[in-house]
Amino acid sequence: MFRVARVIGCLYDFQVSRFPPSFLDEIRSRLRASDIIGRHVQLKKAGREFRGLSPFNKERTPSFYVNDDKAMFFDFSAGQSGDIFKFLMLTQNRTFPEAVEELAGMAGLDVPRSTPEESQRLSERETLLNVLTDAARFFAAQLRGEVGLGARQYLLKRGVSADSIKRFGLGYAPDGRETLKRFFLGRGVSEEMLVRVGLLIEPEGGRARYDRFRDRVMFPITDARGRVIAFGGRALSKDVQAKYLNSPETEVFHKGRVLYNFARARERLKGETPLIICEGYMDALALDAEGYAAVAPLGTALTEDQLALLWRLKRAPTLCFDGDRAGRAAAERALDRALPKLSAKQSLRFAFLPEGEDPDDLLKRGGRSAMDAVLDARTDPETTMWRLASERHGTGSAEKLAAFETELRERTQQIADPALRGHLQAAFKDRFYQLRGELFAANKQKRGRGAPRKGPARLSEALRNRIGQGMTAGRQGAVREAQLVIGLIHHPQLFHQFETEILALSFEEPSLAKLWSRIIDAVVADPALDSATLRSQLTGWSEVESTYQRWSEDPLVKVVRFTRQDASDEEAAAGWRDAFLINRRLKVLSAEVNEAGAEAHIDPGREKIWLDSVRHSLAAHHDDETSEGDGTA
């Protein structure tokens, strides 16, 4: 095995030169090493790395490690290490071109073919990158010279240290229209080449080309390997219309696929160090100076490609926004872009700064401790979605709650991962259940204790008594369970909407439990099942058929609108959902009573609010008995 590994290692070193380094880097940047290697080796998280048993040797103690930051594996028992290409060669008997082909497909890239035209293109690309590197050196030299005095004073005023200036390669573009142009023409670089890399502007009408960046502090933008591919410039004059100006899209620069300071941030990530996404160059510099790993998009909302880069470095990077309206709007845009991609393996965190401050301001005012406090308060997508929607709609009326709930329902539907989508839906349903109870209690207090309840959706006194004290606890529980069962039988499409909740349900009533089991088997086997077909499948099973017949005719089941066959899909979904939440809430309350024991007491006020909320929610699913003429209760 060791001899084979050495041979493969030599082949790897030889064949890697057949492909453009930038192409191989692009594959590495799009794929996590732990994801690729984890398909073949069982890995477990161990600090910053993943650990597993060696695929090369039989061992009991894991000595095989995968590091996503370095995009490498290390096997200390076999003395092997390498990237994802080499791993496939060693463990899957792939040639290097085969490994590249396979991984490129996973990354959604086309493998470049070795043709004269491709060789020419790669050669030109290297030339473009060399021009940009020379431009960065030119700007840095201008900043150090006499012409850069104003730019140095600006950076000093903003608190940018000499170390940061050198570390980030900051520079200055002089005010002249042809200063950079003359510099490169004197070095034999054509104007056409300078236009191609975005350093010159070519006006219409055949007029003379001129420097794009003038009288600006310059921020070199680098790729994942740290090579300069573009620039951002900050105007020093207040009269300039665009305060910040970025390079245009070029052959080597696509701003939607790049994050400012990505290469350095990757090196700063250690252990639980958060990965912070801020809004601009100066924020990234300020955060970096305090030891944080920080990146910034280039003047646009986060793209899918940028999110993929972030998730390659961190499972849950932190988006840091200003605390004002613009910051909340930016958080909304980021959520909208990320929602379809969210899962247990890749998420986001949201940190909101005090209103009117950006990270640079906050660090100047309060230092690292102030920034740490903001990061400690960061929230997950659930809390952030809830916060933003509640601020927009409010919760003071039924109409506001309806708009609030509709928005969150639509947003959670965008999440492709079924497990996360189901958990978020359940969490939001619980929160809305609580809000409805609080709203009901507040409205009742406003009306006064003696005031009669008004509105079409109300229960008769007899039904209210039977729901409250008129039935035994066992009978109440069986009725609630029967409503859920009959509702699903009459509306099998509910299974698609509430699959997580339905599969998690358990029943205390034995006959209903057997009927439920039979229903689940049927709807899982045939997702397109309609109610008539489902009911026909219950015939021939005497026990479950009789259970259905008995409960479908029960007055306290029939009186609930959503259980009826003529209920609309919307009525069925809304009613079943609330009945599920009511059933779960009452089980929780019952468990609390039992846990308290015979000698303990549940707060009567709290118990009354819970019961009033339950009755109010049940009442919402009944037609007005006087108008419908249903005297069953």
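Please read these numbers as outputs of a predicted model, since none were measured by experiment.

Definitions and cut-offs
- Residues numbered from 1 in each chain as written.
- Predicted model: local features only at pLDDT ≥ 70, side-chain atom pairs only at ≥ 80, totals over all residues.
- Heavy atoms only, no water.
- Helix = DSSP H or I, 4+ residues; strand = E, 2+ residues; numbered from the N terminus.
- Buried < 20%, exposed > 50% of the residue type's maximum accessible area, 1.4 Å probe, protein only.
- Contact = heavy atoms within 4.5 Å.
- Areas by Shrake-Rupley, 256 points an atom, 1.4 Å probe, with all protein chains shown as cover.
- Pairing = 2+ DSSP bridges.
- Axes fitted to C-alpha atoms, helices over the stretch in contact; angles between N-to-C directions.
- Core = buried A, V, L, I, M, F, W, Y, C linked by side-chain atoms within 4.5 Å.
- Phe/Tyr/Trp six-rings, centres within 6.5 Å; stacked < 30°, edge-to-face > 60°.
- Lys NZ or Arg CZ within 6 Å of the ring centre and 35° of its normal.
- Salt bridge = Lys/Arg side-chain N within 4 Å of Asp/Glu carboxyl O.
- pLDDT = per-residue confidence, 0-100.
- Polar contact = N/O pair within 3.5 Å; in protein donor to acceptor, adjacent residues only side chain to side chain.
- Parallel < 35°, antiparallel > 145°, perpendicular 65-115°, else oblique.
- Left-handed = near helix turned anticlockwise from the far one by under 90°.
- Nonpolar A, V, L, I, M, F, W, Y, C, P; charged D, E, K, R; others polar.
- Disulfide = S-S within 2.5 Å.

1. Topic: the overall build of the protein chain
Here's step 1: A tally of helices and strands in the protein chain yields 29 helices and 15 strands.
Here's step 2: Counting over 633 residues, the protein chain shows a buried share of 49%.
Here's step 3: At a minimum sequence separation of 6, the contacts of the protein chain that also span at least 24 residues come to 66%.
Here's step 4: A total of about 31,300 Å² of accessible surface is found on the protein chain, and carbon and sulfur atoms cover 50% of it.

2. Some details on the sheet that holds strand β10 (residues 228-235)
Here's step 1: In spatial order, the strands read β6-β9-β10-β11; together these 4 strands make up an open sheet with antiparallel pairing. Lying at the two open borders of the sheet, with one neighbouring strand each, are β6 (171-173) and β11 (244-246). For this sheet the average axis-to-axis angle between neighbouring strands, irrespective of direction, equals 35°.
Here's step 2: Of the pairings in the sheet, the one linking strand β9 (residues 216-222) to β10 comprises 7 bridges and is antiparallel in character. Pairing of Arg216 across the sheet is with Ala235, part of β10.
Here's step 3: Running over the sheet, helix α12 (residues 281-289) touches β9, β10 and β11 and is turned about 70° from β9.

3. Observations regarding α12
Helical geometry note: an α-helix holds 3.6 residues per turn, so side chains three or four residues apart project in the same direction.
Here's step 1: Within α12, 8 of the 9 residues are buried, which leaves the element mostly enclosed by the surrounding structure.
Here's step 2: Among the residues of α12, those classed as buried are Tyr281, Met282, Asp283, Ala284, Leu285, Ala286, Leu287 and Asp288.
Here's step 3: The positive-phi residue at the C-terminal boundary of α12 is Gly291, with phi of around 95°.

4. Quick look at the nonpolar core
Here's step 1: One finds Leu170, Leu199, Ile221, Phe231, Tyr260 and Met371 to be the most contacted residues of the largest nonpolar core, which totals 59 residues.
Here's step 2: Counting residues per element, this core draws most heavily on helix α6 (residues 116-144), which supplies 9 residues.
Here's step 3: In contact with Tyr260, not counting residues within four places along its chain, are Phe168, Leu170, Phe219, Pro220, Ile221, Tyr281, Ala284, Leu285, Ala294, Val295, Ala296 and Leu298.

5. A short note on the packing of aromatic side chains
Here's step 1: Following the criterion strictly, the structure yields 24 aromatic pairs and no others.
Here's step 2: Ring geometry for Phe56 and Phe73: centres 6.4 Å apart, planes at 40°, overall tilted. Taken together, the positions of Phe56 in the loop between β2 (49-52) and β3 (64-67) and Phe73 in strand β4 (residues 72-75) put the pair 17 residues apart, joining distant regions of the chain.
Here's step 3: Relative accessible area serves as the criterion here: at 12%, Phe56 is assigned to the buried category.
Here's step 4: In this structure Phe73 comes out as buried when scored by relative accessible area, which is 0%.
Here's step 5: Between Phe138 and Phe139, the ring centres sit 5.7 Å apart and the planes meet at 65°, which makes this aromatic pair edge-to-face.
Here's step 6: Accessibility expressed as a relative area gives 2% for Phe139, which makes it buried.
Here's step 7: Just above the ring of Phe352 sits the side chain of Arg387; from NZ or CZ to the centre is 4.3 Å.
Here's step 8: Here the basic side chain of Arg431 rests over the ring of Trp386, its NZ or CZ set 5.0 Å away from the ring centre.

6. Here's the deal with the pattern of salt bridges
Here's step 1: As enumerated under the stated definition, the model contains 38 salt bridges in all.
Here's step 2: Glu202 is the partner of Arg209 in a salt bridge, and the nearest nitrogen-oxygen pair spans 3.0 Å.
Here's step 3: A salt bridge links Arg264 to Asp288; the shortest N-O distance between them is 2.7 Å. Of this pair, Arg264 sits in helix α11 (residues 262-268) while Asp288 sits in helix α12; the two residues are 24 residues apart in sequence, bridging distant segments of the chain.
Here's step 4: Residue Asp288 is classed as buried on the basis of its relative accessible area of 2%.
Here's step 5: A cluster of three or more residues bridged by salt bridges with shared partners is formed by Glu178, Lys181, Glu191, Glu192, Glu202 and Arg209.

7. Considerations on the confidence of the model for the protein chain
Here's step 1: Here the protein chain averages 82 in pLDDT, and 84% of its residues register 70 or above.
Here's step 2: Per-element confidence in the protein chain ranges from a low mean pLDDT of 32 for helix α29 (residues 625-628) to a high of 98 for β6.
Here's step 3: Counting contacts from residues 595-603, a segment whose pLDDT is below 50, to residues more than four positions away or on other chains yields 4 contacts.
Here's step 4: Per-residue pLDDT stays below 50 along residues 616-633; that stretch engages in 47 contacts with residues further than four places along the chain or on separate chains.

8. Examining the side chain of Gln346
Here's step 1: Tracing the backbone through its elements, the reader meets Gln346 in the loop between α14 (325-338) and β15 (349-352).
Here's step 2: Assessed through its relative accessible area of 18%, Gln346 is described here as buried.
Here's step 3: Of note is the side chain of Gln346, whose polar atom sits 2.8 Å from the backbone oxygen of Lys341.
Here's step 4: Those residues in contact with Gln346, other than ones at most four positions away along the chain, are Arg32, Trp311, Arg315 and Lys341.

9. Some thoughts on the sheet that holds strand β12 (residues 275-277)
Pairing between the strands of a sheet is mediated by backbone hydrogen bonds and can be parallel or antiparallel.
Here's step 1: Read from one edge to the other, the open sheet built from 4 strands follows the order β13-β12-β14-β15, with strand pairing classed as parallel. Strands at the two margins of the open sheet, each flanked by one partner only, are β13 (293-295) and β15. The average angle at which neighbouring strand axes cross in this sheet is 30°, direction not considered.
Here's step 2: Summarising the sheet, strand β14 (residues 318-321) and β15 pair through 4 bridges and their orientation is parallel. Each residue of the ladder has a partner; that of Leu319, found in β15, is Phe350.

10. Here we look at the packing of helix α2 (residues 21-30) against helix α5 (residues 96-107)
Here's step 1: Relative orientation of the contacting elements α2 and α5 amounts to 50°, with a least axis distance of 10 Å. Classified by the angle between their axes, α2 and α5 sit oblique to one another. Crossing hand, α2 versus α5: left-handed. Contacts from Phe23, Leu24, Ile27 and Arg30 of α2 reach α5 at Phe96, Val100, Leu103, Ala104 and Ala107.
Here's step 2: Among the residues making up the contact of α2 with α5, the classes are represented as 8 nonpolar, no polar and 1 charged.

11. Remarks on the pairing of β3
Here's step 1: Alternating positions in β3 separate into two faces, Phe64 and Val66 on one and Tyr65 and Asn67 on the other, with burial throughout.
Here's step 2: Alignment of β2 against β3, held across 3 bridges, turns out to be antiparallel. Note that in β3 the partner of Gly52 across the bridge is Phe64.
Here's step 3: Once β3 ends, the chain turns through 4 residues before running back antiparallel as β4, passing Ala71 with a positive phi of about 55°.

12. Overview of the state of the cysteines
Here's step 1: Throughout the structure, instances matching the rule amount to 0 disulfides.
Here's step 2: Free cysteine: Cys278, not disulfide-bonded; nearest cysteine sulfur from Cys320 at 7.3 Å.
Here's step 3: What makes Cys320 buried here is its relative accessible area of 2%.

13. Considerations on the pairing of β9
Here's step 1: Across the 7 residues that make up β9, a large majority, 7, are buried.
Here's step 2: Here β6 runs beside β9; their pairing, made up of 3 bridges, is antiparallel. The partner of Gly171 across the bridge, within β9, is Met218.
Here's step 3: The antiparallel hairpin formed by β9 and β10 contains 5 residues in its connecting segment, where Gly226 sits at a positive phi of about 85°.

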